[in-house]
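# Examination of the molecular architecture
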Amino acid sequence: MRILISNDDGVTAPGIAALHAALADYAECVVIAPDQDKSGASSSLTLDRPLHPQTLANGFISLNGTPTDCVHLGLNGLLPQTPDMVVSGINLGANLGDDVLYSGTVAAALEGRFLGGTSLAFSLLSRQPDNLPTAAHIARRLVEAQSRLSLPPRTVLNVNIPNLPLEHIRGIQLTRLGHRARAAAPTKVVNPRGKEGYWIAVAGDAEDGGPGTDFHAVMQGYVSITPLQLDRTFSDAFEQLDGWLEGLL
Ligand code: MN
């Protein structure tokens, strides 16, 4: 088993070190991750400059690009052998509901969608690393179990872990994505030379966070696993759109 590990918090983030340590004696692991925090990078590729991999003292490969760049290179020539699966994280911060649209953590796993093994994205519901051991333990169990899974290609599992010590985790729930409310307005700032700018605000609160959603599971102390697929086609809209298009051209 060969595993490509990446993240969006950057190659020096504590979450990727914890994930690597948890998997290192289970599989042949290679780490390729952005040289800086690329949270919110989604599935972006860098197309305006070359990418330069650099191997650090701990063996991790640092790349001046996005999480998707890292996995893309890892699966397309940078490594001598193609990995069997991608494992992403452990992100410090939730990736629930609408977050998956923006998340570089989820994007890294999605970039592994052509591989035989189902890729996994792990996020801990905290900006602090205190409960990373909980997330690392759960990641190890799920990666081991992945070998008994045969989901179709283009599927990834988005895993969110409550910010709790392991003994307080109540179990695992399969969930659907909830929805967030709109984010607050960006915060306006002025630099010392009078130039105005904006900080994007934090994500909105759960608006659709009832039973069955990822939000609800983690709030109740359960690990949330949402299977994600790439196809976002809204099939139920076909009927109405058919009528709408009739006679238009
Ligand atoms: Mn992140």
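As the structure is a prediction and not an experimental result, all values here were calculated from the model. (Residues numbered from 1 in each chain as written. Predicted model: local features only at pLDDT ≥ 70, side-chain atom pairs only at ≥ 80, totals over all residues. Heavy atoms only, no water.)

## Side note on the overall build of the protein chain
Quick reminder of the rule: Helix and strand assignments come from DSSP, with helices taken as H or I runs of at least 4 residues and strands as E runs of at least 2, each series counted from the N terminus. Atoms counted for the radius of gyration: C-alpha only. Globule rule: 2.2 Å times the number of residues to the power 0.38. For every residue, the accessible area (1.4 Å probe, protein chains only) is compared with the maximum for its type, and the residue is labelled buried under 20%, exposed over 50%, or partly exposed between those bounds. The criterion used for residue contact is that any of the two residues' heavy atoms lie within 4.5 Å. For the area figures, the Shrake-Rupley method with a 1.4 Å probe applies, and any residue is considered shielded solely by the protein chains shown. Positive charges come from Lys and Arg alone, negative charges from Asp and Glu alone, with His and the N- and C-terminal ends not counted. Taken as the charge location is NZ of Lys, CZ of Arg, CG of Asp or CD of Glu.
Looking only at helices and strands, the protein chain has 7 helices and 13 strands in total. Relative to its length of 249 residues, the protein chain is compact, with a C-alpha radius of gyration of 19 Å against a globular reference of 18 Å. Expressed as lengths along the three principal axes of its C-alpha atoms, the size of the protein chain is roughly 60 × 55 × 45 Å. Taking all 249 residues of the protein chain together, 45% fall into the buried category. Contacts spanning at least 24 positions in sequence make up 76% of the contacts within the protein chain whose residues lie at least 6 apart. Of the roughly 13,600 Å² of accessible surface on the protein chain, a fraction of 54% belongs to carbon and sulfur atoms. Taken together, the 17 basic and 25 acidic charged side chains of the protein chain have centroids lying 4 Å from each other.

## Details of the pattern of salt bridges
Applied cut-off: We define a salt bridge as a contact between a side-chain nitrogen of Lys or Arg and a carboxyl oxygen of Asp or Glu at a distance within 4 Å.
What the rule picks out here adds up to 7 salt bridges. Across the salt bridge formed by R140 and D25, the nearest N and O atoms sit 2.5 Å from each other. Here R140 is found in helix α5 (residues 132-145), whereas its partner D25 is found in the loop between α1 (14-23) and β2 (28-34), with 115 residues between them in sequence. On the basis of relative accessible area, D25 is assigned to the exposed category, the value being 63%. Between E196 and K188 there is a salt bridge; the shortest N-O distance is 3.4 Å. Each of D25, R140 and E144 takes part in one network of salt bridges that share partners.

## What about the pairing of strand β5 (residues 85-92)?
To keep it simple, the criterion reads: Whether two strands pair comes down to DSSP finding at least two bridges between them.
Where burial is concerned, most of β5 is hidden: 8 out of the 8 residues are buried. Here 4 bridges tie strand β1 (residues 2-6) to β5, and the two strands are oriented parallel to one another. Each residue of the ladder has a partner; that of I5, found in β5, is V87. Sheet topology places β5 next to strand β6 (residues 119-124); 4 bridges connect them, and they run parallel. The residue bridging V87 from the neighbouring strand is L120, located in β6.

## A closer look at the packing of α1 against α5
Operational definition: Only the stretch in contact is used when fitting a helix axis, every axis being a line fitted to C-alpha atoms; angles between N-to-C directions are given from 0 to 180 degrees. For classification purposes, angles smaller than 35 degrees are called roughly parallel, those larger than 145 roughly antiparallel, those between 65 and 115 roughly perpendicular, and all remaining angles oblique. Each crossing gets its hand from how the near helix is turned against the far one by less than a right angle, where anticlockwise is left-handed and clockwise is right-handed.
For the pair α1 and α5, the least separation of the axes is 9 Å and the interaxial angle reads 45°. Relative to α5, α1 is oriented oblique. When you trace α1 past α5, the crossing you get is right-handed. Packed against α1, whose contacting residues are P14, G15, A18, L19, A22 and L23, the element α5 presents L132, A136, A139, R140 and V143 at the interface.

## Quick word on the coordination of the manganese ion
Where we set the bar: For Na, K and Ca the donor cutoff is 3.2 Å, while for all other metals N, O and S atoms count as donors only within 2.8 Å; water does not appear among the atoms, so some sites may look incomplete.
The manganese ion binds to the protein through D8 (OD), D9 (OD), S39 (OG) and N91 (OD1); the donor distances cover 2.1 to 2.2 Å. Positions of the donor residues of the manganese ion, expressed as sequence spacing, correspond to D-D-x29-S-x51-N. Separated by 30 residues along the polypeptide, D9 in the loop between β1 and α1 and S39 in the loop between β2 and β3 (54-55) bring together distant segments of the chain. Note on S39: relative accessible area 42%, which makes it partly exposed.

Worth remembering: the numbers are spatial, not functional.
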